[in-house]
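# Commentary on secondary and tertiary structure
For reference, the chains in residue letters:
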Amino acid sequence: MTSALSSLPAFEHLASIPLYVPGKPIQEVQRELGLTTIVKLASNENPWGPTEAVKSRVMAAVAGAEFEGLGLYPVSDGWYLRQRIAQRKGLTPDRVILGNGSSEILEMVAKAAFLDGGSAVIPKHSFAIYGIATQTAGGRVVESRASATELDVDDLLRKVAPDTRLVYLGHPNNPTGIRLERAALERLVRNLREDIVLVVDQAYAEYEDPAEYPDAAGYLDERPNLLVLHTFSKIHALAAMRIGYGLGSKELMQYLERVRSPFNTNHLAQVAAEVAVQDLAFEAFSRQKNTEAREAFVAEAAQHRCRTSGTSGNFILLESAFPAAELFKELLQRGVIVRPMQGYGLPNHIRVTFGKPEEMAAFWKAAGPLLDGGC
Ligand SMILES: Cc1ncc(COP(=O)(O)O)c(C=O)c1O
């Protein structure tokens, strides 16, 4: 960037921050490559939704008197949805905050925490928004040790400095698909300095077996500086609606409320999410389908002698013997969109979201011959 603008110190700083690169949209690939049949396995959406129950609720909201209500501002703090979420989580509504996607809550907490500078500790290979939110809020990123298959909590704790304000943990982590065992999570929650906000991002938690998953929300009463994030974009299948939520202490929520922009979640998203958050049967169904897709994928990858990693979430990492950017491009030409991972420090991995069986068949039809040349 070379203009008078780039001489502003703040803009110079902004220009040095990596841009978030989203999964390629289907319409863009159709436009660019002239393909008609495209399978998108790039952004960890749930292929089985949204549900009919959500559809009925949204249809009702765009009809009759409720339609006229769309001319008015929505409930600014999403009180009715917060009440539903609170009921489900066994909390009071004043411990729930909504965001325009959980990404917005990641931005809110960074905006609040780095108002006077400081740094965040972020494990290597974490979701890109942690670093972007930190840096755009004026914070500094300190990376802790992690690999495609392991998350080192002790190094995370070791990297904490006097100016650390936030620590982020993807749980499970995207893109590596790993999560902590209970003992490690507990070590982090209990040993992290009390004045640091621990952000545990549980965007994919609902894909975990509830009997085994160590939910960080279980520590909310122990640690006032804990923020647990969830989204409606993944298992609840409402990614286009842009809505997510955070759970924390009443005190932490009061600070976040000061950086939340009024009316940040819209009416349609709020009512759709009210239905979705109560639909435990759809969650269980989606979880089961995801487990089946994972098992089938791992078996097929083994047939091609390809290595996979990650055991959590609705996605998997596939390692190739050649740069993943090339594999991504070849798959795109064949109408299959995946996510190359070079931007996450994993140049030989692609991340594949689990789609419906016919979508996974389309993936292997395209990828199989490419991978047999060397995986
Ligand atoms: C780990 C993680 N956290 C948060 C998000 C953001 O979700 P949203 O802003 O759609 O709620 C994503 C989306 O891919 C994610 O992978």
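Look up: the structure comes first, before these words.
The rules behind the values
- Residues numbered from 1 in each chain as written.
- Predicted model: local features only at pLDDT ≥ 70, side-chain atom pairs only at ≥ 80, totals over all residues.
- Heavy atoms only, no water.
- Buried < 20%, exposed > 50% of the residue type's maximum accessible area, 1.4 Å probe, protein only.
- Helix = DSSP H or I, 4+ residues; strand = E, 2+ residues; numbered from the N terminus.
- Pairing = 2+ DSSP bridges.
- Axes fitted to C-alpha atoms, helices over the stretch in contact; angles between N-to-C directions.
- Parallel < 35°, antiparallel > 145°, perpendicular 65-115°, else oblique.
- Left-handed = near helix turned anticlockwise from the far one by under 90°.
- Contact = heavy atoms within 4.5 Å.
- Nonpolar A, V, L, I, M, F, W, Y, C, P; charged D, E, K, R; others polar.

## Regarding the pairing of strand 6 (residues 197–201)
Counting buried positions over the 5 residues of strand 6 gives 5, a clear majority of the element. Alternating positions in strand 6 separate into two faces, Val197, Val199 and Asp201 on one and Leu198 and Val200 on the other, with burial throughout. Inspection of the sheet shows strand 5 (residues 164–170) paired to strand 6 by 5 bridges, in the parallel sense. Within strand 6, the residue paired with leucine 169 across the bridge is valine 200. Relative to strand 7 (residues 226–231), strand 6 runs parallel, the two sharing 4 bridges. Paired with aspartate 201 across the two strands is leucine 229, which belongs to strand 7.

## Some points on the packing of helix 13 (residues 324–333) against helix 14 (residues 357–372)
Think of two packed helices as two axes; the pair is described by the angle between the axes and how far apart they sit. Across the interface, helix 13 lies against helix 14 with an axial gap of 10 Å and an inter-helix angle of 135°. Classed by the angle they form, the pair helix 13 and helix 14 counts as oblique. Both helix 13 and helix 14 take part in a crossing whose hand is right-handed. Of helix 14, the residues touching helix 13 (which contributes Leu327, Glu330 and Leu331) are Phe363, Ala366, Ala367, Leu370 and Leu371. Of the residues in the contact of helix 13 with helix 14, the class split is 7 nonpolar, no polar and 1 charged.

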